[in-house]
Amino acid sequence: MYDPAQLRTFLAVAQTLSFTQAARRLGVRQSTVSQHVRRLEAATGRPLLTRDTHSVELTDDGEAMLGFAGTILGAHERAAEFFTGTRLRGRLRFGASEDFVLTRLPEILKAFRHEHPEVDLELTVELSGTLHRRLAEGQLDLVLAKRRPEDAPGDASSVVWRDELIWVGADGLRLDPARPVPLIVYPPPGITRARALDVLERHGRSWHIACTSGSLNGLLAAARAGLGVMAHTRGLVPPGLERVRAGLPELGGVDFVLLHGRGGRDRAEGAARALAHAILAGGDRLQRGRT
């Protein structure tokens, strides 16, 4: 009933909230993206997206289709593997940023391991900046990490979703505008650390480091204790924290991308593509919702 190509296009639009970005991800014309979405909406008999010249949003039916599309495409892929006899094998070195420690990424990885038991999956959890470096050095095959929107995307990258960074802290946290902003940050080369310091410097706000930790759990402990504020992705705000405004400057946007290695490990390419597809199909499940 539903064309897999149209479902993939819909997922790309839903995750990037942009017909232009979806076309770039899929390597097709924007008119093709629009056509696929229209045909899928005609097949369902429901509007899945609301769009104007400035924004794209999911309808309630579009939110429901996200889950169905991932399930249908997963079943389609498994059927193709079964009947073509192409079982994935080999070692796959996958890196994920600390941002995903508390999300449903483990569920996606568990399903991937169940569907591809002969793939030896090695998981590395690190800061995004470190993962980018290790990928460039050929130490990883696939990376899911943050990237600044202004950075060049590169041919092998794919935006999973776009979001914004916000200030978060403990419930009821109050900041004294006359005192330096207390910061809870990752060590270098943390992308959120660099963004927070740069924005405060540009706006003439003084600051001091209240806590540094390479672990998300360490940062959360400090934030929940009320030691200060941290820059965090809006769609991934952990339980027990809330948005803090308090006259703080806006932090701007951030991309979450999938980056493929170029180390020439042919046996890893198929597994990397399969895991990338699983993450893209389930990208909506990685977000906790909007704050």
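See above for the structure.
Residues numbered from 1 in each chain as written. Predicted model: local features only at pLDDT ≥ 70, side-chain atom pairs only at ≥ 80, totals over all residues. Heavy atoms only, no water.

1. What to know about the pattern of salt bridges
Pairing of side chains with opposite charge becomes possible as their charged atoms draw close. Applying the stated criterion across every chain yields a total of 12 salt bridges. Here Asp141 makes a salt bridge to Arg93, at a shortest N to O gap of 2.9 Å. Placement of the pair is Asp141 in the loop between α6 (128–136) and β5 (142–147) and Arg93 in strand β3 (residues 90–97), with a sequence separation of 48 residues. Here Lys146 and Asp99 are joined by a salt bridge, their closest N and O atoms 2.7 Å apart. With Lys146 in strand β5 and Asp99 in the loop between β3 and α5 (105–115), this residue pair connects regions lying 47 residues apart in the sequence. Residues joined in a network through salt bridges with shared partners are Arg147, Arg162 and Asp255. (Salt bridge = Lys/Arg side-chain N within 4 Å of Asp/Glu carboxyl O. Helix = DSSP H or I, 4+ residues; strand = E, 2+ residues; numbered from the N terminus.)

2. Overview of the packing of helix α2 (residues 19–26) against helix α3 (residues 30–44)
For the pair α2 and α3, interaxial distance at closest approach is 8 Å and the crossing angle is 105°. With respect to their mutual orientation, α2 and α3 come out roughly perpendicular. Here α2 contributes Phe19, Thr20, Ala22 and Ala23 to the contact with α3, which in turn contributes Gln30, Val33, Ser34 and Val37. Here the residues of the contact of α2 with α3 are counted per class, giving five nonpolar, three polar and no charged. (Axes fitted to C-alpha atoms, helices over the stretch in contact; angles between N-to-C directions. Parallel < 35°, antiparallel > 145°, perpendicular 65-115°, else oblique. Contact = heavy atoms within 4.5 Å. Nonpolar A, V, L, I, M, F, W, Y, C, P; charged D, E, K, R; others polar.)

3. Regarding the side chain of Ser128
Inspection of the secondary structure assignment puts Ser128 in helix α6. Here Ser128 is in contact with Ser97, Asp99, Ala145, Lys146 and Ile191, once residues within four sequence places are set aside.

4. As for the pairing of strand β11 (residues 253–260)
Buried residues dominate β11, accounting for six of its eight residues. Strand direction decides the pairing type here: β5 and β11, joined by six bridges, are antiparallel. What sits directly across from Ala145, in β11, is Val257. (Buried < 20%, exposed > 50% of the residue type's maximum accessible area, 1.4 Å probe, protein only. Pairing = 2+ DSSP bridges.)

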